[in-house]
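# Structural description and commentary
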Amino acid sequence: MKTDLTDTTASKINKALVKGRRAIGTPAVGMVLTLVIVTDEENAYDALKAANDASREHPSRTLVVIKRVSRSPRDRTQSRLDAEVRVGADAGTGETVVLRLYGEVADHAQSVVLPLLLPDAPVVVWWPVDAPLDPAGDPLGALAQRRVTDTYSSEQPVRELTARAGTYKPGDTDLSWTRITPWRSMLAAALDQVSVEVKAVEVEGEEYNPSCELLAMWLADRLDVPVRRSLSSGPGLTAVRMETSHGPITLDRADGSLATLSIDGQPDRAVALKRRETAELIAEELRRLDPDDTYASALRFGVHRLNVSNGHADTVEKPKEPEQPEQPVAASLETSPDVEAASDVEGAPEGPSAKGEPADGEAPAQAPAPEAAQPPALKPVPSGLSGKAAK
């Protein structure tokens, strides 16, 4: 059932929701959370389809916030709210409200969304594109317990990873991190099978895919060994190679669906590492609403501590605090929380390659910096600590 409301208010939208539930014979509210999607008209259809598919596992009220640009200066001074209310089969297993904001009300979306939130239920905000650099500081993000972004959709994904490390707040997460969960689970399981000491690691993948950097930072943070980031033609992540005291351990996926796990002294094994759709990634993120400390630790490790080979850029500088003396690289681990490796988390492969170029100069925490001149190639930068036995 669909109901279109033009030049409406939040009170009229709530009345339309109640009327729609009664019309389809389900007056009770059986939803577990409110999912707020902040997007544009171009990406609204795909985002809403993914949310409806995820609602089969997590029944929710979905609020789609679309900020429309008025055509004339006169229209920009007039505020208007249009809404499309969907209940029943048109909204998956929950309810959907598409909000289109015009004029000055577009700058105050939180005042429109707040009366429509389910009472006493968690709130999750998802930015499929154009996410703010500080999600927790955004007026809509401040309403949520969980804030989901997607770094690979940005123009400069590697630089944005550096910026997000400086603005991270508990509850922030990234679908680029969700995509590497099966890789983390498989690598942790491989190291549980043998008692070895990991000496060095190489992560191979597409040049502008932030999932590759996140996986490399997670391995460097957990193993305390040098991690080299090498480039390939994809798709996404293609291989992880670990040099150990008893021979190499390799997880190689060349076709984007089936990988081969090779451990020295054991037969090769085929491993399913399918690249999943956005709906499956969102469903996985909605399973947990507590802060992801493992993601926070990996993100704060820093892209600048990874070495990149076979590409244009060799490193990304860590942003510096204003009016602060420069700190040595090794000190960046002092503020990182000590967390457990996520070997039992369910999987989500990485997505398509993002556009943009990683920065060669320093990247400020709030906004991307202009491109700097190309520095000479750097040698691999170790973590500053000796390797320790993988657990």
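To be clear, the structure that these remarks concern was listed above.
Residues numbered from 1 in each chain as written. Predicted model: local features only at pLDDT ≥ 70, side-chain atom pairs only at ≥ 80, totals over all residues. Heavy atoms only, no water.

### Topic: the packing of helix α7 (residues 181-193) against helix α8 (residues 210-223)
Running from N to C, α7 and α8 point in directions that differ by 35 degrees, and their axes come no closer than 11 Å. Considering only the axes of α7 and α8, their crossing is right-handed. Counting all contacts with α7, which are made through W183, R184, L187 and L191, the residues of α8 involved are L215, W218, L219 and L223. Of the residues belonging to the contact of α7 with α8, the class tally is seven nonpolar, no polar and one charged. (Axes fitted to C-alpha atoms, helices over the stretch in contact; angles between N-to-C directions. Helix = DSSP H or I, 4+ residues; strand = E, 2+ residues; numbered from the N terminus. Left-handed = near helix turned anticlockwise from the far one by under 90°. Contact = heavy atoms within 4.5 Å. Nonpolar A, V, L, I, M, F, W, Y, C, P; charged D, E, K, R; others polar.)

### As for the side chain of T8
Following the sequence through the fold, T8 ends up in the loop between β1 (2-5) and α1 (10-23). Those residues within four positions of T8 in sequence are excluded, and the remaining contacts are I13, L81 and A83.

### Describing α7
Residue pairs spaced three or four apart in an α-helix point in one direction, given the helix's 3.6 residues per turn. Between the first and last C-alpha of α7 there are 19 Å, a value that for 13 residues agrees with the 18 Å anticipated at 1.5 Å per step. The set of residues buried in α7 consists of T181, P182, W183, R184, S185, L187, A188, A190 and L191. (Expected span 1.5 Å × (residues − 1). Buried < 20%, exposed > 50% of the residue type's maximum accessible area, 1.4 Å probe, protein only.)

### Some words on the pairing of strand β14 (residues 269-272)
On any regular strand, side chains alternate: one points to one face of the sheet, the next to the other face. Two elements, strand β13 (residues 258-263) and β14, share four bridges in a ladder whose sense is antiparallel. In the strand pairing of β14, L258 is matched with A272. In this structure, the hairpin formed by β13 and β14 is closed by a connection of five residues, where G265 is found at a positive phi of approximately 90 degrees. (Pairing = 2+ DSSP bridges.)

### A look at α8
The terminal C-alpha atoms of α8, which comprises 14 residues, lie 20 Å apart, in line with the 20 Å expected from a rise of 1.5 Å per residue. For α8, the side-chain oxygen to backbone nitrogen distance between the N-cap and S211 is 3.0 Å, and the N-cap itself is N209. Positive phi appears at D224, one or two residues downstream of α8, with a value of about 55 degrees. (Polar contact = N/O pair within 3.5 Å; in protein donor to acceptor, adjacent residues only side chain to side chain.)

### Re the packing of aromatic side chains
Per the counting criterion, the structure on display carries two aromatic pairs. A centroid spacing of 6.0 Å and a plane angle of 65 degrees characterise the contact between Y168 and Y295, whose relative ring orientation is edge-to-face. On the criterion of sequence distance, the pair formed by Y168 in the loop between α5 (157-167) and β8 (172-174) and Y295 in helix α10 (residues 293-301) is long-range, its members being 127 residues apart. You'll find Y168 and Y295 in the same group, each marked buried. On the numbers, 5.6 Å between centres and 55 degrees between planes, the contact of W177 with Y295 is tilted. Residue W177 is located in helix α6 (residues 175-178), and its partner Y295 is located in helix α10; the two are separated by 118 residues in the primary sequence. Note on accessibility: W177 and Y295 belong to one class, buried. The rings of Y168, W177 and Y295 are connected pair by pair, giving a single aromatic cluster. Directly above the ring of W218 sits R184, whose terminal nitrogen or CZ lies 5.7 Å from the centroid. Against the face of F301 rests R305, its NZ or CZ located 4.3 Å from the ring centre. (Phe/Tyr/Trp six-rings, centres within 6.5 Å; stacked < 30°, edge-to-face > 60°. Lys NZ or Arg CZ within 6 Å of the ring centre and 35° of its normal.)

### A word on unusual backbone geometry
One non-glycine residue with positive phi stands out, namely D120, at about 55 degrees. Position of D120 among the secondary structure elements: in the loop between α4 (109-113) and β6 (123-126). Of note, the phi angle at D130 is positive, near 55 degrees, even though the residue is not glycine. Mapped onto the elements of the fold, D130 is located in the loop between β6 and β7 (146-149). Overall, the relative accessible area of 66% leaves D130 in the exposed class.

### Topic: the nonpolar core
For soluble globular proteins, the rule of thumb is that nonpolar side chains tend to be buried together. Judged by nonpolar contacts, the single largest core of 41 residues is most densely connected at V201, V203, L215, L219, V227, V240 and M242. At the level of elements, α5, α7, β9 (198-205), α8, β11 (237-244), β12 (247-252), β13 and α10 are the ones that each hand at least two residues to this core. A total of nine residues in this core trace back to one element, the largest contributor, which is α8. Discounting chain neighbours no more than four positions away, the residues touching L219 are L187, V201, V203, D224, V227 and V240. By size, the runner-up hydrophobic cluster in this structure holds 29 residues, among which are L5, V112, V123 and A144. (Core = buried A, V, L, I, M, F, W, Y, C linked by side-chain atoms within 4.5 Å.)

### Some remarks on the pairing of strand β2 (residues 33-39)
Counting buried residues along β2, seven of its seven residues qualify, which places the element largely inside the surrounding structure. Direction of pairing for β2 relative to strand β3 (residues 60-67): parallel, over a ladder of seven bridges. Counted as the bridge partner of V36 is L63 from β3. For the crossover that starts at β2, traverses helix α2 (residues 41-54) and ends in the parallel β3, the hand is right-handed. Summarising the sheet, β2 and β6 pair through four bridges and their orientation is parallel. Within β6, the position partnered with V36 by the bridge is V125. (Right-handed = clockwise from strand over helix to strand, strands pointing away.)

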